[in-house]
Amino acid sequence: MRLVELARSKFVVTCEISSPKGTNLGDFFDRVDAVKGRTDAITVGDNQRAVMRAGALAICNLLKKRGIEPVMELASRDRNRLALQSDMLAAAIMGIENIVLVSGCDPVQGDHAAAKTVCDLDCVGLVDAAICLMRSKDIAGHPIDGAPDFCIGVVASPGLVDDKREMAELKVKLERGVSFVQTQPVYDAAVMEKFLEAIASYKVPVFAGHMMLKSASMASFINSNFPGISVPDRMVRALEGLPRDKMVETSLQLSVELIKKLKTMCQGVNFMPEGWERHLATITREADI
């Protein structure tokens, strides 16, 4: 199921669930089950935030076998061009159609600060490699026997719409012919509107990223540590000083209000629940998505 085709007929709902840090899959599939029936696909990161986890390729293969549509992230940070192309072909052989191509966070931000980055290809080069494979050639120009048919996504930060370098790189990727854009979390519909205007000529589906706010301190931490992601002051104030039960209720209300606005602009939403998978059903139901 290619997300770009699904987006022509419905508002797409995906959910990012981290693969396990180990071989025990129990908790992972418990979280998958918590959102099953409310999502169209599960996104699996590639050692996202530079934290070592079980490989996305294996996890996506297991999801596929269970009849759950996976979206596989592939980061250029950890592999050279041989391994990147090999993993893309492996994904295609396993029936994985939807891939999100990223550069990956710097290892100093994760749990293996001494790790060395590879970055043989940047993210534009990774997009080029995927498109080459789809055209029956590898990135060196050699023919391949059997081509994948990917639905290629890339990640963008709507909050950096005024960053000329950031937007120039995104537009290069869009010009290459990627299928969809998945955004970092957005908490202000006006920010998303401005971003969509900037890329409107490319006519690609945009899936808004959404991370529920678990507390006012979490919102403040996001504002201080994640460039391009900004939680409005009114949201921070709405969560301040609330008891636990009221805070959860208020947070979900904020999510519903925001997503109702975003669904008039975008073609889908990618939830990043961070342990709040159990609340996704409430949000999707009340936001009517």
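First things first, this report covers the structure right here in the doc. Going along each chain's sequence as written, the residues are numbered from 1 onward. With the structure being a predicted model, the display of local features is reserved for residues of pLDDT at least 70 and the display and counting of side-chain atom pairs for 80 or more, all residues being used for whole-chain, interface and lining totals. For side-chain calculations, the full set of non-hydrogen atoms in the structure is used, while hydrogens and water are omitted.

1. Concerning helix α5 (residues 123-134)
Okay, so step 1: The end-to-end C-alpha distance of α5 is 17 Å, a good match for the 16 Å that 12 residues give at a rise of 1.5 Å each.
Okay, so step 2: In this scheme, a residue with accessible area under 20% of its type's maximum is buried, one over 50% is exposed, and one in between is partly exposed, where area comes from a 1.4 Å probe on protein chains only. Under the scheme used here, helices are H or I runs from DSSP no shorter than 4 residues and strands are E runs no shorter than 2 residues, and both carry numbers assigned from the N terminus. Among the 12 residues that make up α5, nine are buried, leaving the element largely enclosed by the rest of the structure.
Okay, so step 3: Taken residue by residue, α5 has Cys123, Val124, Gly125, Leu126, Val127, Ala129, Ala130, Ile131 and Leu133 as its buried positions.
Okay, so step 4: Throughout, a residue-residue contact means that at least one pair of heavy atoms, one from each residue, lies within 4.5 Å. Those residues of α5 that are buried lie in contact with β3 (70-75), α4 (81-93), β4 (98-102), β5 (151-156) and α6 (164-176).
Okay, so step 5: We call two N or O atoms a polar contact when they sit within 3.5 Å, provided that within protein one can donate a hydrogen and the other can accept it, with sequence-adjacent residues counted only if both atoms are side-chain atoms. You can read the cap of α5 off the contacts: a side-chain oxygen lies 3.2 Å from the backbone nitrogen of Val124, and it is on Asp122.
Okay, so step 6: Ser136, located one to two residues past α5, shows a positive phi value of around 70°. By this rule, a helix spans an expected 1.5 Å times one less than how many residues it contains.

2. What to know about the packing of aromatic side chains
Okay, so step 1: The aromatic pairing rule takes the rings of Phe, Tyr and Trp, using the six-membered ring of Trp, and pairs them if the centres are within 6.5 Å, calling planes under 30 degrees apart stacked, those over 60 edge-to-face and the rest tilted. The final tally for this structure, using the stated rule, is three aromatic pairs.
Okay, so step 2: Look at Phe28 and Phe29: their rings are 5.1 Å apart centre to centre, the planes differ by 75°, and that puts the pair in the edge-to-face class. Side by side, Phe28 and Phe29 carry an identical accessibility label, which is buried.
Okay, so step 3: Geometrically, the ring pair formed by Phe180 and Phe207 is tilted, given 5.2 Å between the ring centres and 35° between the ring planes. Of this pair, Phe180 sits in strand β6 (residues 180-185) while Phe207 sits in strand β7 (residues 206-210); the two residues are 27 residues apart in sequence, bridging distant segments of the chain.
Okay, so step 4: Since its relative accessible area comes to 0%, Phe180 is described here as buried.
Okay, so step 5: Two thresholds decide whether a charge sits over a ring: the Lys NZ or Arg CZ must be within 6 Å of the ring centre and within 35 degrees of the ring normal. The positively charged end of Arg66 is found above the aromatic ring belonging to Phe29, 3.6 Å away from the centroid.

3. Section: the nonpolar core
Okay, so step 1: Only buried residues count toward a nonpolar core. Its members are Ala, Val, Leu, Ile, Met, Phe, Trp, Tyr and Cys residues joined through side-chain atoms within 4.5 Å. Judged by nonpolar contacts, the single largest core of 78 residues is most densely connected at Met88, Tyr187, Met192, Phe195 and Phe271.
Okay, so step 2: With eight residues, the top contributor of residues to this core is helix α10 (residues 244-262).
Okay, so step 3: Excluding residues that lie within four positions of it along the chain, Met88 makes contacts with Leu74, Ile99, Leu126, Ala129, Ala130, Leu133 and Phe150.
Okay, so step 4: Counting residues in hydrophobic clusters, the runner-up holds 13 residues, among them Val12, Ala75, Val102 and Cys151.

4. Description of the pairing of strand β8 (residues 268-271)
Okay, so step 1: Of the two faces of β8, the one lined by Gly268 and Asn270 and the one lined by Val269 and Phe271 are each fully buried.
Okay, so step 2: Only strands that DSSP links by at least two bridges are regarded as paired with each other. Pairing of β7 with β8, which is carried by four bridges, proceeds in the parallel orientation. Opposite Phe207, over in β8, you have Gly268 as the bridge partner.

5. Describing the environment of Ala200
Okay, so step 1: By secondary structure assignment, the location of Ala200 is in the loop between α7 (189-198) and β7.
Okay, so step 2: Residue classification places Ala200 among the partly exposed residues on the basis of a relative accessible area of 46%.

6. Some remarks on unusual backbone geometry
Okay, so step 1: Although it is not a glycine, Glu274 adopts a positive phi angle of roughly 50°.
Okay, so step 2: Position of Glu274 relative to the elements: it lies in the loop between β8 and α11 (280-286).
Okay, so step 3: Relative accessible area serves as the criterion here: at 33%, Glu274 is assigned to the partly exposed category.
Okay, so step 4: With phi around 55°, Asp288 is a residue other than glycine that occupies positive phi space.
Okay, so step 5: Along the chain, the position of Asp288 falls in the segment after α11.

7. Brief notes about the packing of helix α2 (residues 26-35) against helix α3 (residues 56-65)
When two helices pack together, their arrangement is captured by the angle between the axes and the distance separating the axes.
Okay, so step 1: Look at α2 against α3: their axes get within 13 Å of each other, and the N-to-C directions meet at 50°. Between α2 and α3, the angle is such that the two are oblique. Our pair here, α2 against α3, has a crossing hand that is right-handed. Touching Phe28, Phe29 and Val32 of α2 are Ile59, Leu62 and Leu63, all from α3.
Okay, so step 2: Here the contact of α2 with α3 is composed, by residue class, of six nonpolar, no polar and no charged. Axis definition: a line fitted to C-alpha atoms, limited for helices to the stretch in contact. Angles are taken between N-to-C directions and run from 0 to 180 degrees. The cut-offs work like this: below 35 degrees is roughly parallel, past 145 is roughly antiparallel, 65 to 115 is roughly perpendicular, and the gaps in between are oblique. Should the near helix be turned anticlockwise from the far one by less than a right angle, the crossing is left-handed, and should it be turned clockwise, the crossing is right-handed. When residue character is reported, Ala, Val, Leu, Ile, Met, Phe, Trp, Tyr, Cys and Pro are called nonpolar, Asp, Glu, Lys and Arg charged, and the others, Gly included, polar.

8. Quick word on the packing of α5 against α6
Okay, so step 1: It is the contact of α5 with α6, at a shortest axis distance of 10 Å, that shows an interaxial angle of 5°. Accordingly, the angle class assigned to the pair α5 and α6 is roughly parallel. Residues Cys123, Val124, Val127, Asp128 and Ile131 of α5 form the contact with α6, whose own contacting residues are Glu169, Val172, Lys173 and Arg176.
Okay, so step 2: Tallied by class, the residues present in the contact of α5 with α6 amount to five nonpolar, no polar and four charged.

9. Observations regarding the sheet that holds strand β2 (residues 41-44)
Consider a sheet: its strands pair through backbone hydrogen bonds, and that pairing is either parallel or antiparallel.
Okay, so step 1: Strand order in this closed barrel of eight strands is β1-β2-β3-β4-β5-β6-β7-β8, and the pairing throughout is parallel. Sheet twist, expressed as the average angle between the axes of neighbouring strands with direction ignored, equals 25°.
Okay, so step 2: Pairing of β2 with β3, which is carried by three bridges, proceeds in the parallel orientation. The residue bridging Thr43 from the neighbouring strand is Val71, located in β3.

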